[in-house]
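Close look at the chain arrangement
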Amino acid sequence: QVQLVESGGGLVQAGGSLRLSCATSGITFSRNHMAWYRQAPGKQRELVARISSGVSTNYADSVKGRFTVSRDNIKNTVYLQMNSLKPEDTAVYYCNAVSYYNDYWGQGTQVTVSS
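In this numbering scheme, every chain counts its residues from 1 along its sequence in written order. Local features in this predicted model are restricted to residues whose pLDDT is 70 or higher, and side-chain atom pairs enter the listing and the counts only when it is 80 or higher, whereas totals over whole chains, interfaces and linings include all residues. Here the side-chain values reflect all heavy atoms present in the structure, with hydrogen atoms and water set aside.

Attention shifts here to the state of the cysteines. By definition, a disulfide links the sulfur atoms of two cysteine residues through a covalent bond. Note that a disulfide, as used here, is simply two cysteine sulfur atoms within 2.5 Å. Across all of its chains, the model carries one disulfide by this definition. The disulfide bridge from Cys 22 ends at Cys 95, spanning 2.1 Å between sulfur atoms. Around the S-S axis, the bridge from Cys 22 to Cys 95 shows a dihedral of about -80° and counts as left-handed. Of this pair, Cys 22 sits in strand 3 (residues 18-25) while Cys 95 sits in strand 9 (residues 91-98), and the two are 73 residues apart along the sequence. Both residues of the pair, Cys 22 and Cys 95, belong to the buried class. In DSSP terms, a helix is any run of H or I states spanning at least four residues, a strand is any run of E spanning at least two, and both are numbered starting from the N terminus. Burial classes follow relative accessibility: with a 1.4 Å probe on protein chains only, a residue under 20% of its type's maximum area counts as buried, one over 50% as exposed, and anything between as partly exposed.

What follows deals with the sheet that holds strand 3. Strands sit in the order 1-3-8-7 across an open sheet of four strands; the sheet is antiparallel. The open sheet terminates on both sides in strands that have one partner only, identified here as strand 1 (3-7) and strand 7 (67-72). Here the average twist between neighbouring strands, direction ignored, is 15°. For strand 3 and strand 8 (residues 77-82), the ladder comprises six bridges, and the chain directions are antiparallel. Residue pairing in the sheet places Leu 18 in a bridge with Met 82 of strand 8. Two strands qualify as a pair provided that DSSP identifies no fewer than 2 bridges between them. For helices, the axis comes from a line fit to the C-alpha atoms of the stretch in contact; other axes are also lines fit to C-alpha atoms, and the angle between any two N-to-C directions lies between 0 and 180 degrees.

Note on terminology: a nonpolar core comprises buried Ala, Val, Leu, Ile, Met, Phe, Trp, Tyr and Cys residues joined through side-chain atoms within 4.5 Å. Trp 36, Val 48, Phe 67, Val 78, Leu 80, Met 82 and Tyr 93 are the most contacted members of the largest nonpolar core, which has 27 residues in total. Breaking this core down by element, the ones donating at least two residues are strand 3, strand 4 (33-39), strand 5 (46-51), strand 7, strand 8, strand 9 and strand 11 (109-114). Ranked by residues supplied to this core, first place goes to strand 9 with four residues. By definition in these notes, contact holds between two residues if any of their heavy atoms fall within 4.5 Å. Those residues in contact with Val 48 that lie beyond four places of it in its chain are Trp 36, Tyr 37, Arg 38, Asn 58, Tyr 59, Ala 60, Val 63, Phe 67, Leu 80 and Tyr 93.

Judged by how many residues are buried, strand 8 sits mostly within the fold: five of six residues are covered. Connecting the antiparallel pair strand 7 and strand 8 is a turn made up of four residues, with Asn 76 showing a positive phi of about 55°.

Let's shift gears to the side chain of Asp 89. Position of Asp 89 relative to the elements: it lies in the loop between strand 8 and strand 9. Classification of Asp 89 as buried rests on a relative accessible area of 1%. Here a polar contact means two N or O atoms within 3.5 Å. Within protein one must be a hydrogen donor candidate and the other an acceptor candidate, and residues neighboring in sequence count only if both atoms are side-chain atoms. A polar side-chain atom of Asp 89 sits 2.9 Å from a polar atom in the side chain of Arg 38. Other than its neighbours up to four places away in sequence, Asp 89 contacts Arg 38, Arg 66, Phe 67, Ser 84, Val 111 and Val 113.

Here it is as structure tokens:
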């Protein structure tokens, strides 16, 4: 059974930090490209950050320099360190695992940044 379980969301003041985690099971984690997406109310889901199976990364322009994506292939977990948070970062954040064989999503975790 495949599971992607996000955690670490919450309420934080602008300028603060949060670290999201996505613990996976049921997939060959090291072979999956992992990504974080977010969806704010009334908006489309957008890519925030991606880390490949080869550990290359890319980021949305809006989060470059503030967010860092990383992965632990022993713990089968991907992380998103979010610093200098802004109210416009408020959204539900989703974890995504993609390989040649699969495309899986987590249930999401809410991040709310107050001004």
